[in-house]
Amino acid sequence: MLTKEQIYSYHKNGFVVPDFKLPEEDLLEIEKKHFELIKKYPEYINYCPAVLLKDHTFLKYCMNSKILKFVEQLIGNNFALWNSSFFAKPSKNGFETPWHQDGQYWPISPLATCTVWLAIDDANEENGCLRFIKGSHKNQKLRKHKRNSGENLTLHQEIDKSELDASQLHNLILARGQISLHDVYIIHGSKENKSSNPRRAMTMRYMPLTSKFDHDFIFDSKPSFKINKIYKVINQK
């Protein structure tokens, strides 16, 4: 359960790190599944945008009862899992993720999603941990983005630098198995990984059932993807 202070922190800062760690047994399973995924689809060595479309057995971790309870406390008890991605960021050549807002990519109306970010490896400044601009979600509006066509990027929409308040930068240092939850409007990104350690992470996206997903929409991004299944999660107890 999230404490009142943690819920307040989520709404104030746009993210929260709960008192939780995924069991090592599950983490080892995820590592094995990801190894098999990359062996079959080597183009996803840095980033797989829709991992459930390639291997639905990853769904097990998205349906963890403790994780679902955290999400319920933040967006209500009627919500759906609509996506899970894998940001692998391998050692030596892990791609950068430019500063962006998640909502820039997603055809959801009204725009609402809580993302759970699961650290498969220790995440730190050396191997390209996630970085947030605290409080940048508060006005609940999308900022100006432009397309970055550079190489070695996981995503290609980049927020205009005039929208960044560097004084509010927060490096999300997580231990293996820890999670964070963040708001759809928060500005975030990560640097490249030139270290000798990977920085694998799995994301899980949940939206309230008061929102709708446009299944026919494919964003002009590389790689683009289309969601063909949404998993409904109702009245979690």
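Higher on the page you've got the structure.
Residues numbered from 1 in each chain as written. Predicted model: local features only at pLDDT ≥ 70, side-chain atom pairs only at ≥ 80, totals over all residues. Heavy atoms only, no water.

Draft legend 1. Highlighting the overall build of the protein chain. When you go through the protein chain residue by residue, the secondary structure sums to five helices and 15 strands. Computed over C-alpha atoms, the radius of gyration of the protein chain comes to 16 Å, within 12% of the 18 Å expected from 2.2 N^0.38 for 237 residues, which places it in the range of a compact globule. Structurally, the protein chain occupies a C-alpha span of about 45 × 40 × 35 Å along its principal axes. The 237 residues of the protein chain split such that 53% are buried. Of all intrachain contacts in the protein chain linking residues separated by at least 6 positions in sequence, the fraction that spans at least 24 positions is 85%. For the protein chain, the accessible area works out to roughly 11,400 Å², and carbon and sulfur atoms hold 49% of it. (Helix = DSSP H or I, 4+ residues; strand = E, 2+ residues; numbered from the N terminus. Rg over C-alpha atoms; globule rule 2.2 N^0.38 Å. Buried < 20%, exposed > 50% of the residue type's maximum accessible area, 1.4 Å probe, protein only. Contact = heavy atoms within 4.5 Å. Areas by Shrake-Rupley, 256 points an atom, 1.4 Å probe, with all protein chains shown as cover.)

Draft legend 2. Up close: the sheet that holds strand β7 (residues 130–133). Spatial ordering of the open sheet is given by β4-β12-β7-β10, a layout of four strands whose pairing is antiparallel. The strands lining the two open edges of the sheet, one partner per strand, are β4 (97–101) and β10 (169–171). Pairs of neighbouring strands in the sheet enclose a mean axial angle of 20°, with direction left out of account. Bridging between β4 and strand β12 (residues 187–190) involves three bridges; their strand directions are antiparallel. Looking across to β12, one finds that Q101 is bridged to I187. (Pairing = 2+ DSSP bridges. Axes fitted to C-alpha atoms, helices over the stretch in contact; angles between N-to-C directions.)

Draft legend 3. The pattern of salt bridges, seen in detail. The full count for this structure, using the stated rule, is 11 salt bridges. Across the salt bridge formed by K69 and E72, the nearest N and O atoms sit 3.5 Å from each other. Placement of both K69 and E72 in helix α5 (residues 65–75) is noted, with a separation of three residues, approximately one turn of the helix. K69 gets classed as partly exposed once you look at its relative accessible area, which sits at 23%. Residue R205 pairs with D102 through a salt bridge whose shortest N-O separation is 3.6 Å. Here R205, found in strand β13 (residues 201–208), pairs with D102, found in the loop between β4 and β5 (108–109); they are 103 residues apart in sequence, far enough to count as distant. Here D102 falls in the buried class, since its relative accessible area comes to 4%. Connected through shared salt-bridge partners, E24, E31, D121, R176 and R200 make up one network. (Salt bridge = Lys/Arg side-chain N within 4 Å of Asp/Glu carboxyl O.)

Draft legend 4. Molecular detail of the pairing of strand β6 (residues 114–119). Among the six residues of β6, six are classified as buried, and the element is accordingly described as predominantly covered. Residues of β6 alternate between two faces, with C114, V116 and L118 on one and T115, W117 and A119 on the opposite face, all of them buried. As paired elements, β6 and strand β11 (residues 179–183) share five bridges and run antiparallel to each other. Bridge assignment links V116 to a residue of β11, and that residue is L181. Summarising the sheet, β6 and β13 pair through six bridges and their orientation is antiparallel. Residue pairing for β13: V116 is matched across the bridge by M204.

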